[in-house]
Amino acid sequence: MASKEIKKVLVIKLSAMGDFILALAAAKRIRQAHPKARITLLTTPPFEGLAKLCPYFNEVETDGRPQGLGDWLTLVGRLRKAKYDRVYDLQTSSRSNMIFHGLQPFAPEWSGIALGCALPHRNPRRDRMHTLERHADQLKAAGIWPDAPTEPGSAPGPDVSWILRKAPPERPVAGGIQPRPYVLMAPGDSAHRQDKRWPVEKYGELAKALYDRGFDIVVIGGPQESALARAIQKHVGKARDLTGRTDLARVAMLGAKAALVVGNDTGPVHLAAAAGPPTIVLFSKASDPILSAPRGHVAVLQAENLADMPVAQVLQAASALAPAPTLRANA
């Protein structure tokens, strides 16, 4: 008997930003497997703008974390009414499992780990796999990626070329003088995760060393991280502060043109790294790069306590990834 045609697909990915960026690799495969299907993403408000630019989704819904019973019933009622043929749960959390059980007894085909789902991911090692290999293995179990690469380090990273194609054309450089190449710095992280931050004073020292070698410095982050940019500007007065002034698409575009990206294990670094530049990501004991490091032209540096990581170690990695430019005197 012929298999049921998949016309309506739901993809669930709620958070966090770094995980959301990594999940775009699986979303691309889902789109390739269902080229004619109408694919809806269920996510949360921070990712709405980026997701609406993404060619993998036809619709984006942002109420994936309902607050209170009323919102929960509204969400489940809408999903039931939509009559999806298949759901790919890339969140695989207790919250997304609740959605599956809320849709019973007539839940759609469900790829995930919810008890009783039609397309379960049963790999006992799944919690020790990098996000990219775990998603690849989940889609293999769902039957849409038979030759999925699942060995450590083998799955492809997210493709954000669709963002870069939307970038406005570069304007000619005034006077024909080429700007200095720049290093993109992301010194922040979630306010409640201070243990994932390299001290801003060390970012300042690194910025000064790189500026003296011929690089400009550009600092990105949320508006709440403007104080970090100002601290770096005490070391490099000409460092450009873009905190609070970049959406996710702009972060990718800045990353694509950067000579080097340096930052903590945070979402903007994952996004910038996906655009292809040499990238240094700093990890503390608070997170495991084996499970979640960005892929690409990436160097991972880790210390149990990031305060103990010396500037010289990061500068050495920077020198290997991005040799100092040859500076020409302005005519």
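As shown above, the structure is provided for reference.
Bear in mind the structure is a predicted one, so any value in this text is a computation, not a measurement.

Asker: Quick question: what am I supposed to make of unusual backbone geometry here?
Answerer: Negative phi characterises most residues that are not glycine, and trans characterises most peptide bonds. The step from serine 15 to alanine 16 runs through a cis peptide bond, and the omega angle for that step is -20°. Considering the arrangement of structural elements, one finds alanine 16 in the loop between strand E1 (8-12) and helix H1 (17-33). With omega at 10°, the peptide bond leading from glutamine 104 into proline 105 counts as cis. In this structure, proline 105 sits in the loop between helix H4 (94-102) and strand E5 (109-112). In this structure, lysine 83 is a non-glycine residue whose phi angle is positive, near 55°.

Asker: I'm lost on the packing of H1 against helix H5 (residues 131-141) in this one. Help?
Answerer: Describing two packed helices takes the angle between their axes plus the distance from one axis to the other. Where H1 contacts H5, the two axes come as close as 9 Å, and the packing angle between them is 30°. For the element pair H1 / H5, the angle class is roughly parallel. Between H1 and H5 lies a crossing of right-handed hand. Contacts from Asp19, Leu22, Ala23, Ala25, Ala26, Arg29 and Ile30 in H1 reach Thr131, Leu132, His135 and Leu139 in H5. Broken down by class, the residue content of the contact of H1 with H5 amounts to seven nonpolar, two polar and two charged.

Asker: Help me out: how do you make sense of the packing of aromatic side chains in this one?
Answerer: One pair of aromatic rings is described through two measures. These are the centre distance and the angle between the planes. Scanning all chains against the criterion turns up five aromatic pairs. For the ring pair tyrosine 56 and phenylalanine 57, a centre distance of 6.4 Å and an interplane angle of 80° mean the geometry is edge-to-face. Phenylalanine 57 gets classed as buried once you look at its relative accessible area, which sits at 11%. On the basis of an interplanar angle of 75° and a centroid distance of 4.9 Å, the ring pair of tryptophan 198 and tyrosine 203 is categorised as edge-to-face. The two residues tryptophan 198 and tyrosine 203 agree in class, both being buried. In textbook terms, an aromatic cluster arises when at least three aromatic residues are bridged by ring pairs, as seen for Tyr56, Phe57 and Trp162. Here the basic side chain of arginine 180 rests over the ring of tyrosine 211, its NZ or CZ set 4.4 Å away from the ring centre.

Asker: Whenever I open this one, the environment of glycine 77 confuses me. Can you help?
Answerer: Among the structural elements, glycine 77 can be located in helix H3 (residues 69-82). Separated by 71 residues in sequence, glycine 77 and alanine 148 place their C-alpha atoms 34 Å apart.

Asker: Hey, could you run me through the pattern of salt bridges in this one?
Answerer: Where charged atoms of side chains with opposite charge meet at close range, the side chains can pair. Under the counting rule described, the total for this entry stands at 13 salt bridges. With a closest N to O distance of 3.1 Å, aspartate 159 and lysine 28 form a salt bridge. Taken together, the residues span a long stretch of sequence, with aspartate 159 in the loop between H5 and helix H6 (161-164) and lysine 28 in helix H1 at a distance of 131 residues. Given a relative accessible area of 24%, aspartate 159 falls into the partly exposed group. In this structure, aspartate 63 engages arginine 78 in a salt bridge whose closest nitrogen and oxygen atoms are separated by 2.6 Å.

Asker: What's the story with the sheet that holds strand E2 (residues 38-42) in this structure? I'm lost.
Answerer: Where strands meet in a sheet, backbone hydrogen bonds hold them as pairs that are either parallel or antiparallel. Pairing within the open sheet is parallel, and its six strands lie in the order E3-E2-E1-E4-E5-E6. Lying at the two open borders of the sheet, with one neighbouring strand each, are strand E3 (59-61) and strand E6 (119-120). In terms of strand pairing, E2 meets E3 through three bridges, oriented parallel. Among the inter-strand pairings, threonine 40 is bridged to a residue of E3, identified as glutamate 59. Packing of H4 onto the sheet brings it into contact with E1, E2, strand E4 (86-89) and E5, and relative to E5 it is tilted by some 165°.

Asker: What is the right way to read the sheet that holds strand E12 (residues 298-302) from this model?
Answerer: Strand order in this open sheet of six strands is E9-E8-E7-E10-E11-E12, and the pairing throughout is parallel. Of all strands in the sheet, those bounded by a partner on one side alone are strand E9 (240-241) and E12. Inspection of the sheet shows strand E7 (residues 182-186) paired to strand E8 (residues 216-219) by four bridges, in the parallel sense. Residue tyrosine 182 lies in a different strand from E8, and its bridge partner there is aspartate 216. Across the sheet, helix H7 (residues 200-212) touches E7, E8, strand E10 (260-264) and strand E11 (279-283), and the angle it forms with E7 is around 175°.

Rules behind the numbers
- Residues numbered from 1 in each chain as written.
- Predicted model: local features only at pLDDT ≥ 70, side-chain atom pairs only at ≥ 80, totals over all residues.
- Heavy atoms only, no water.
- Helix = DSSP H or I, 4+ residues; strand = E, 2+ residues; numbered from the N terminus.
- Axes fitted to C-alpha atoms, helices over the stretch in contact; angles between N-to-C directions.
- Parallel < 35°, antiparallel > 145°, perpendicular 65-115°, else oblique.
- Left-handed = near helix turned anticlockwise from the far one by under 90°.
- Contact = heavy atoms within 4.5 Å.
- Nonpolar A, V, L, I, M, F, W, Y, C, P; charged D, E, K, R; others polar.
- Phe/Tyr/Trp six-rings, centres within 6.5 Å; stacked < 30°, edge-to-face > 60°.
- Buried < 20%, exposed > 50% of the residue type's maximum accessible area, 1.4 Å probe, protein only.
- Lys NZ or Arg CZ within 6 Å of the ring centre and 35° of its normal.
- Salt bridge = Lys/Arg side-chain N within 4 Å of Asp/Glu carboxyl O.
- Pairing = 2+ DSSP bridges.

Honestly, that's just the spatial picture; any functional story needs more than this.
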